[in-house]
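These are the residues of each chain, in order.
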Amino acid sequence: MNPASGTSTAKMDNHSSTGEKHLDSSTDPVFELLEQDASWWEQAALTCEQIAANHGLGTKEEWQLMGAVYRERAQRHMQIIDQLRQKGISPRR
């Protein structure tokens, strides 16, 4: 409890010297998960593209499509992270 404001310190936002909001440490795993997922989705897309390059028609298109879907997921994760940062929200680091 913060005696000056009467609010729980566990739920208070913290701000860095640059004015960036730092949420309580419980949000850190969310940022970490999003960043890791973006990396894994991108790696999956690259793997699908490499497999597609070694297959004939039909199968090749399936792998290319899967790679495109994975790349889209990676980009969406990074967009979410960027949107949070643009709002001034970041994990504690």
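Residues numbered from 1 in each chain as written. Predicted model: local features only at pLDDT ≥ 70, side-chain atom pairs only at ≥ 80, totals over all residues. Heavy atoms only, no water.

Draft legend 1. Fine view of the packing of helix α1 (residues 28-53) against helix α2 (residues 59-86). Packing of α1 against α2 leaves a shortest axis separation of 8 Å and a crossing angle of 160°. Of the possible angle classes, the one that applies to α1 and α2 is roughly antiparallel. In this structure, α1 meets α2 at a crossing whose hand is left-handed. Of the residues belonging to the contact of α1 with α2, the class tally is 18 nonpolar, 3 polar and 8 charged. (Axes fitted to C-alpha atoms, helices over the stretch in contact; angles between N-to-C directions. Helix = DSSP H or I, 4+ residues; strand = E, 2+ residues; numbered from the N terminus. Parallel < 35°, antiparallel > 145°, perpendicular 65-115°, else oblique. Left-handed = near helix turned anticlockwise from the far one by under 90°. Nonpolar A, V, L, I, M, F, W, Y, C, P; charged D, E, K, R; others polar.)

Draft legend 2. α2, seen in detail. Here α2 contains 28 residues, and its C-alpha end-to-end distance of 41 Å stays within 8% of the 40 Å for a straight helix at 1.5 Å per residue. Those residues of α2 not exposed but buried are G67, A74, H77 and I81. On its buried side, α2 packs onto α1. After α2 finishes, the residue G88 shows a positive phi value of roughly 85°. (Expected span 1.5 Å × (residues − 1). Buried < 20%, exposed > 50% of the residue type's maximum accessible area, 1.4 Å probe, protein only. Contact = heavy atoms within 4.5 Å.)

Draft legend 3. Just the pattern of salt bridges, in detail. Evaluated as defined, the whole model comprises 3 salt bridges. Its salt-bridge partner being R85, residue E35 comes within 2.9 Å of it at the nearest N-O pair. Taken together, the positions of E35 in helix α1 and R85 in helix α2 put the pair 50 residues apart, joining distant regions of the chain. In this structure, E49 engages R71 in a salt bridge whose closest nitrogen and oxygen atoms are separated by 2.3 Å. You can see E49 sitting in helix α1 and its partner R71 sitting in helix α2, a full 22 residues away along the chain. The class for E49 is partly exposed, based on a relative accessible area of 34%. One network of salt bridges, in which partners are shared, links E42, E49 and R71. (Salt bridge = Lys/Arg side-chain N within 4 Å of Asp/Glu carboxyl O.)

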